[in-house]
Amino acid sequence: MPELPEVETVCRGLAVVLEGHRLAKVELRRTGLRIPFPPDFAERLTGRTIARISRRAKYMCWHLDDGWVVICHLGMSGRMVIGKDDGAAPEKHDHVILVTEAGDKISFNDARRFGLMDMATEEGLAAHRFFAALGPEPLTDAFDGKMLKAALAGRSSPIKPVLLDQTLVVGIGNIYASESLFRAGIHPTRPAESLTARECSKLVKAVKEVLAEAIAAGGSSLKDHRQPSGELGYFQHSFAVYDREGQPCPGCTCRESIRRMTQAGRSTYYCDKRQG
DNA sequence: CGGCAAACCTGCGAGC
DNA sequence: TGCTCGCAGGTTTGCC
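(A) Layout of the nonpolar core. Core analysis: the largest hydrophobic core is formed by 29 residues, its most contacted members being Leu14, Leu18, Leu45, Met60, Trp62, Met80 and Met117. Examining the composition of this core, we find that six residues originate from one element, helix α1 (residues 4-18), more than from any other. Aside from chain neighbours lying at most four places away, what touches leucine 45 is Leu23, Val26, Leu64, Val70, Leu98 and Met119.

Given below as structure tokens:
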């Protein structure tokens, strides 16, 4: 569930059960995920109230009432499952289980264990090793055509893998890189530095639109999915190109099929004609 | 520094 | 049925 819109959706869902709530029980079911959990992690969380939840890039930040911040990344397969503390046995790959004083249970389930949890102080957050090198948030005014044009200078790589570089701009993952380029009509193999100022502006606009629409859709699908299972981060989209190899190109009359190629080891989906 | 493959893990579907 | 292979929404590391 892990690009910016999904993380944003998970944050919003978690806020409902966590913000303003005290953690009564914290269970670690292994010693770490991608990195080890911080020393005494469970003890340091237990009894703390979560004042606020925020997001930076694809990281969640749980701001505690004692000046510490829990940093959480979902990796590729991480999910936050919300339920009740009903004594049910943990699911496979439930690595961290939190129970609030209100009786809500939040399980961090991550089959591939590319996710992580860490801690930083409020003051040390921006300088934390995960955050220090990050680029601007894509949905802020700091990300505009001019900034993108400057950032692409001297980069001869194809634009698509460059969009995944979180030091350039954060939050774009493999799905939304393809979707944004399609919307902007820019071919994924174009050398990044070859994009004109006009194309940079177009691409920025496309990225912002795609991410904003995905967040909006996540909000609505979250709402009905939550009733039965309480699961967060589930996302139902209709993608224009992603995972649509061989299907007709949507939204234009070019009659081409969506193609798939591999760039820097990851799948890219595109329409050769529309993104000519 | 830029760029790329490999590595970290498990699960699933396709093909034999 | 069972095996192997390739692929999966991310990030880091190590090598050229």
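(B) A look at the protein's contact with DNA strand C. Surrounding DNA strand C, one finds 18 residues, the nearest of these being Lys58, His73, Tyr242, Arg266 and Ser267. A breakdown of the atoms of DNA strand C within 4 Å of the protein gives sugar and phosphate a share of 59%. A distance of 2.9 Å separates a phosphate oxygen of DNA strand C from a polar atom in the side chain of lysine 58.

(C) Seen up close, the sheet that holds strand β4 (residues 68-73). The strand order β5-β7-β6-β1-β2-β3-β4-β8 describes an open sheet built from eight strands, whose pairing is antiparallel. The open sheet is flanked by β5 (78-84) and β8 (116-121), the only strands paired with a single partner. Ignoring which end each strand starts from, the neighbouring axes of this sheet average 30° apart. Examined bridge by bridge, strand β1 (residues 21-28) and strand β2 (residues 49-56) share two bridges and lie antiparallel to one another. Across the sheet, residue arginine 22 finds its bridge partner in β2, namely threonine 49. The strands touched by α1 are β1, β2, β3 (59-64), β5, β6 (94-100) and β7 (104-110); relative to β2, the strand with the most contacts, the crossing angle is about 170°.

(D) How the structure looks around the pairing of β2. Judged from the six bridges that link them, β2 and β3 form a sheet pairing that is antiparallel. Across the sheet, the residue bridging to arginine 56 is tyrosine 59, located in β3. Where β2 folds back on β3, the antiparallel hairpin that results is connected by two residues, among which alanine 57 adopts a positive phi of roughly 55°.

(E) A look at the packing of aromatic side chains. Within this structure, the stated rule accounts for five aromatic pairs. Judged by centre distance (5.6 Å) and plane angle (15°), the ring pair of phenylalanine 37 and phenylalanine 41 falls under stacked. Ring geometry for phenylalanine 239 and tyrosine 242: centres 5.6 Å apart, planes at 85°, overall edge-to-face. Among the aromatic residues, those joined into a cluster by ring pairs are Tyr59, Phe130 and Phe131.

(F) Summary view of the confidence of the model for chain A. Of all residues in chain A, 92% attain a pLDDT of 70 or more, and the chain-wide mean is 91. Of the regions scoring below 50 in pLDDT, residues 219-235 engages in 38 contacts with residues more than four places distant in sequence or in other chains.

(G) Spotlight on the protein's contact with DNA strand B. In the vicinity of DNA strand B, the contacting residues are Lys92, His93, Ala111, Arg112, Arg113, Phe114, Arg155, Ser156, Ser157, Ala264 and Gly265. Within 4 Å of the protein, atoms of DNA strand B come from sugar and phosphate in 67% of cases. Interatomic distance of 2.6 Å between a side-chain N/O atom of histidine 93 and a phosphate oxygen of DNA strand B. Backbone polar atom of alanine 111 to a sugar or linking oxygen of DNA strand B: 3.4 Å apart, as the coordinates give it. In terms of residue class, the surface near DNA strand B is made up of three nonpolar, four polar and four charged.

Cut-off values and rules
- Residues numbered from 1 in each chain as written.
- Chains lettered and ligands numbered in written order.
- Predicted model: local features only at pLDDT ≥ 70, side-chain atom pairs only at ≥ 80, totals over all residues.
- Heavy atoms only, no water.
- Core = buried A, V, L, I, M, F, W, Y, C linked by side-chain atoms within 4.5 Å.
- Buried < 20%, exposed > 50% of the residue type's maximum accessible area, 1.4 Å probe, protein only.
- Helix = DSSP H or I, 4+ residues; strand = E, 2+ residues; numbered from the N terminus.
- Contact = heavy atoms within 4.5 Å.
- Near = heavy atom within 4 Å.
- Polar contact = N/O pair within 3.5 Å; in protein donor to acceptor, adjacent residues only side chain to side chain.
- Pairing = 2+ DSSP bridges.
- Axes fitted to C-alpha atoms, helices over the stretch in contact; angles between N-to-C directions.
- Phe/Tyr/Trp six-rings, centres within 6.5 Å; stacked < 30°, edge-to-face > 60°.
- pLDDT = per-residue confidence, 0-100.
- Nonpolar A, V, L, I, M, F, W, Y, C, P; charged D, E, K, R; others polar.

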